[in-house]
Amino acid sequence: MAAAATMAAAARELVLRAGTADMEEEEGPLGAGPGLQEPLQLGELDITSDEFILDEVDVHIQANLEDELVKEALKTGVDLRHYSKQVELELQQIEQKSIRDYIQESENIASLHNQITACDAVLERMEQMLGAFQSDLSSISSEIRTLQEQSGAMNIRLRNRQAVRGKLGELVDGLVVPSALVTAILEAPVTEPRFLEQLQELDAKAAAVREQEARGTAACADVRGVLDRLRVKAVTKIREFILQKIYSFRKPMTNYQIPQTALLKYRFFYQFLLGNERATAKEIRDEYVETLSKIYLSYYRSYLGRLMKVQYEEVAEKDDLMGVEDTAKKGFFSKPSLRSRNTIFTLGTRGAVISPTELEAPILVPHTAQRGEQRYPFEALFRSQHYALLDNSCREYLFICEFFVVSGPAAHDLFHAVMGRTLNMTLKHLESYLTDCYDAIAVFLCIHIVLRFRNIAAKRDVPALDRYWEQVLALLWPRFELILEMNVQSVRSTDPQRLGGLDTRPHYITRRYAEFSSALVSINQTIPNERTMQLLGQLQVEVENFVLRVAAEFSSRKEQLVFLINNYDMMLGVLMERAADDSKEVESFQQLLNARTQEFIEELLSPPFGGLVAFVKEAEALIERGQAERLRGEEARVTQLIRGFGSSWKSSVESLSQDVMRSFTNFRNGTSIIQGALTQLIQLYHRFHRVLSQPQLRALPARAELINIHHLMVELKKHKPNF
């Protein structure tokens, strides 16, 4: 229906436009026709209007022509006037129909109008109600804000009152003295737990009263008298209790460590005295220092005296040096064997004293050792004495820090007040002993014992003994260096001609050096010290020079080499048992031994095979210089060498082997030398074969008498000794 209406409107407009155009053609310009009384109002189509624009008319016409309905009408050739009337008729019919529809629905429309009117009235009342609600909410919001402000103010007043109540409560609690506190302080023994609890309460109240008095609180005067009387009573009971414990330390045969440990449970007693009665606290501390210092001094003086009675009776003297000859020695060194003998050049089992198991082993009990007739070297006594000192000092230092509430320099001062006399007595005893001590191994072991004990004290967090360890080392190191230098000087000044009869076996001075050096090297490897290695280097140089001086006393070079090899081999063997294979001493003596062994092998082969050696060297030199033709004149010499070797080599090798085994005390070393000599002999004979293969000697008839080199090797293996 809407499309039809649109089409009708368009058609009507087109018809109107067409009719207007026809009228213009027939009548001419508007207003010129006879009978027209007023001009026709054409609106936008009025071309007489000043606003008429031909371009716009063209555009409008063109737009109408492009309309689909107009196009369809033009295509079908419909008469626009007839079509316009038809459209008009249809529009009238539609209008009539629409009017009838409105008339039929008039009652509903009237009812709808009434309903809309009623709704408007309801909405108006709702608007009035909402307006009233809005005004009520505005008033309620203002009331809420007022209540919120009142609540905030009340909350602030509440907090202020609670804060005041808390402060007042603390003040009152701190000032009020309950009956339980009074009863416990006056009647309970100090060892009961409730006394300790109430003492802590009393200490807190006294501190609170002092604080409030500083602020000018008048209420403190009401309780000051009660607290003072309770404080005096508590101080009196605590003083009597602690002094009684300290006096119990003085009883003979008392283990003071038991009551000392018990005091730690009551360490708050001293803290209470420190905060409330410093004079009494100082009295107790001074009494403790005086008592314990005397106990430690008496104990260690007695223990040290009894400990020295179980030392070896035979000790090293100033003449017991490395370079002193046996014939000039007296005393226990000339004895063949003693059950409790303490050797001064041999470590033996003495090095076990610095092992972890022995280092912290229980201390020696002198009377038990005396009953068992046991004797110990000085380093064992030193270890026992200083382990007891270390253990007691660590215990004492920790007790002082915990009970007397001190730390840092104050703890050091208090510790030295207790242990100072004992430490000084120990230092004086050590200094006195070292004055006549010539046992370098014992002193060196003592040094390493101190180094290890110092590490133990550091692990236990006890720095109070650091100064004492430094003082002990300051006594031990110079003495050790002095003894070592005395041994170096004794070896340097030894005259081989005063040593009596000499033989090629290892000398006792070199054996002393080997044992002594290996002992110090093995100990020094645990905690290396460069000064020790320098002193050992000086001693090694002097011993090497001594060995060369003694070797020079032998008339033949062979005996000299045998003596040198025996001594170098012995020293190397002893050093390798204890020192590391890559130590300087081992490397040095290994080089010396190899050089002298090679020289001895050449000296050993020279008598039976000297002619062969000389010829081979001369021939190889000639061949190297290109003068091999000169070998033609050596045929007789070569023939004699071939036949001489073939007839005597077996007896010569047998004699050589026997000579070597007689000359060297170490069978393993002798075997090595024989093996080296036989190897060098095979190499020599092989070189002799190569010389005879030269063209100048190849036609020599005596070459047929040469011994096959492989046959020679098989035969020489039979002469190799097995050990």
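Rules used throughout
Here, residues in each chain are numbered from 1, in the same order as that chain's written sequence. Under the rules for a predicted model, residues below a pLDDT of 70 receive no local features and side-chain atom pairs below 80 are neither given nor counted, while totals for whole chains, interfaces and linings still include all residues. Where side-chain values are given, they derive from all heavy atoms of the structure, hydrogens and water being excluded. UniProt positions are given in the numbering used here, feature names are shortened, and annotations may be inferred rather than shown by experiment. The helix count covers DSSP runs of H or I at least four residues long, the strand count covers runs of E at least two residues long, and both are numbered beginning at the N terminus. Pairs of residues are marked as contacts when any of their non-hydrogen atoms sit within 4.5 Å. Only the protein chains shown count as cover for residues, and the accessible areas themselves come from Shrake-Rupley with a 1.4 Å probe. Pairing of N or O atoms within 3.5 Å defines a polar contact, subject to two protein rules: one partner must be a possible hydrogen donor and the other a possible acceptor, and residues neighboring in sequence count only if both atoms are side-chain atoms. Aromatic pairs are defined between Phe, Tyr and Trp rings, using the six-membered ring for Trp, whenever the two ring centres lie within 6.5 Å; interplanar angles under 30 degrees are classed as stacked, those over 60 as edge-to-face, and all others as tilted. When accessible area is computed with a 1.4 Å probe and restricted to protein chains, residues below 20% of their type maximum are described as buried, those above 50% as exposed, and intermediate ones as partly exposed. pLDDT runs from 0 to 100 and stands for how confident the predictor is about each residue. Working definition of a nonpolar core: buried Ala, Val, Leu, Ile, Met, Phe, Trp, Tyr and Cys residues. They are joined through side-chain atoms within 4.5 Å. Only a pair of cysteine sulfur atoms within 2.5 Å qualifies as a disulfide here. Patch rule: a residue counts if its relative accessible area is over 30% and it has no salt bridge; like charges are joined within 9 Å, and nonpolar side chains (Val, Leu, Ile, Met, Phe, Trp, Tyr) within 5 Å. The working definition used for a salt bridge is a side-chain nitrogen of Lys or Arg within 4 Å of a carboxyl oxygen of Asp or Glu. For helices, the fitted axis covers only the stretch in contact; all axes are lines through C-alpha atoms, and the angles between them, taken along N-to-C directions, range from 0 to 180 degrees. Angles below 35 degrees are treated as roughly parallel, those above 145 as roughly antiparallel, those between 65 and 115 as roughly perpendicular, and all remaining angles as oblique. In this scheme the handedness of a crossing depends on how the near helix is turned from the far one: anticlockwise by less than a right angle means left-handed, clockwise means right-handed. In this classification, the charged set is Asp, Glu, Lys and Arg, the nonpolar set is Ala, Val, Leu, Ile, Met, Phe, Trp, Tyr, Cys and Pro, and all remaining amino acids, among them Gly, are polar.

Per an unreviewed UniProt entry, the chain goes by the name Vacuolar protein sorting-associated protein 52 homolog and belongs to Dipodomys ordii. The UniProt entry for the chain carries the following text under Subcellular location (unreviewed entry): "Golgi apparatus, trans-Golgi network". Recorded in UniProt under Sequence similarities (unreviewed entry), the annotation for the chain is "Belongs to the VPS52 family."

Peer 1: Tell me about the overall build of the chain, residues and numbers included.
Peer 2: Scanning the chain from terminus to terminus reveals 24 helices and zero strands. In the chain, once contacts between residues fewer than 6 apart in sequence are set aside, the share between residues at least 24 apart is 79%. For the chain, the accessible area works out to roughly 41300 Å², and carbon and sulfur atoms hold 53% of it.

Peer 1: An account of the side chain of S663 is needed here, citing residue identities and associated values.
Peer 2: Within the element layout of this structure, S663 appears in helix α22 (residues 635–663). Looking at S663, its side chain comes within polar contact range of the main-chain oxygen of D659, at 2.7 Å. In this structure S663 touches T504, V562 and N566, once residues within four positions along its chain are discounted.

Peer 1: Kindly report on the packing of aromatic side chains, identifying the contributing residues and their values.
Peer 2: Going through the model one piece at a time under the given rule, you end up with 33 aromatic pairs. When the centroid spacing of 6.1 Å and the interplanar angle of 45 degrees are considered together, the rings of F378 and F382 count as tilted. With F378 and F382 both in helix α14 (residues 378–403), this residue pair falls four residues apart, about one helical turn. Neither residue differs from the other here; F378 and F382 are each classed as buried. Grouping aromatic residues by their ring pairs yields a cluster made of F249, Y270, Y288, F399, F403 and F404.

Peer 1: Account for the confidence of the model for the chain, with residues named and values stated.
Peer 2: This prediction gives the chain a mean pLDDT of 82; 85% of its residues lie at or above 70. Across residues 42–52, confidence stays below pLDDT 50; counting only partners more than four residues off in sequence or on other chains, it has seven contacts. Counted against residues more than four places away or in other chains, residues 328–342, with its pLDDT under 50, gives 28 contacts.

Peer 1: Provide a residue-level description of the nonpolar core, including the pertinent values.
Peer 2: Judged by nonpolar contacts, the single largest core of 173 residues is most densely connected at L476 and F688. The next biggest cluster of nonpolar side chains, apart from the first, holds eight residues, and it includes Y303, V310, L364 and Y376.

Peer 1: Mind laying out the state of the cysteines, listing which residues take part and the relevant values?
Peer 2: In the structure shown here, the tally under the stated rule is zero disulfides. Between C437, a cysteine without a disulfide, and C446, which holds the nearest cysteine sulfur, the sulfur-to-sulfur distance is 7.6 Å.

Peer 1: Help me get a handle on a nonpolar patch on the surface, residues and values and all.
Peer 2: Among the surface-exposed residues, V122, M126, M129, L130 and F133 lie close enough to one another that they form a single nonpolar patch of about 460 Å² accessible area. Within the secondary structure layout, M129 lies in helix α5 (residues 106–175).

Peer 1: For the environment of L612, give the residues involved together with the corresponding values.
Peer 2: Its location among the elements puts L612 in helix α21 (residues 584–625). Taking the C-alpha atoms as reference, L612 lies 8.1 Å from L684; in sequence the two are 72 residues apart. Beyond its immediate chain neighbours, meaning those up to four positions away, L612 contacts L641, F645, L684, Y685 and F688.

Peer 1: A description of the pattern of salt bridges should follow, citing residues and the corresponding values.
Peer 2: On inspection of all chains with the given rule, the structure shows 25 salt bridges. A salt bridge links E481 to R531; the nearest nitrogen and oxygen atoms lie 3.5 Å apart. Of this pair, E481 sits in helix α17 (residues 466–492) while R531 sits in helix α19 (residues 530–551); the two residues are 50 residues apart in sequence, bridging distant segments of the chain. For E481, a relative accessible area of 21% translates into the label partly exposed. Note that E485 and R531 form a salt bridge whose closest N and O atoms lie 3.4 Å from each other. Of the two residues, E485 is situated in helix α17 and R531 in helix α19; the sequence distance between them amounts to 46 residues. Residues joined by salt bridges that share partners form a network here, namely R350, E379 and D439.

Peer 1: So, the environment of T191: which residues are in play, and what are the values?
Peer 2: As for its placement among the helices and strands, T191 is situated in the loop between α6 (179–187) and α7 (193–215). Residues T191 and Y266 lie 75 residues apart in sequence; the distance between their C-alpha atoms is 8.3 Å. With residues up to four places along the chain from it excluded, the contact list for T191 reads F241 and Y266.

Peer 1: Lay out the packing of α22 against helix α24 (residues 709–718) in plain terms, naming residues and giving numbers.
Peer 2: Two elements in contact, α22 and α24, have axes whose closest approach is 10 Å; the angle formed by their N-to-C orientations is 25 degrees. Between α22 and α24, the angle falls in the class roughly parallel. The two elements α22 and α24 cross, and the hand of that crossing is right-handed. Where α22 approaches α24, its residues F645, W649, K650 and V653 are matched on the opposing element by L712, E715 and L716. Of the residues in the contact of α22 with α24, the class split is five nonpolar, no polar and two charged.

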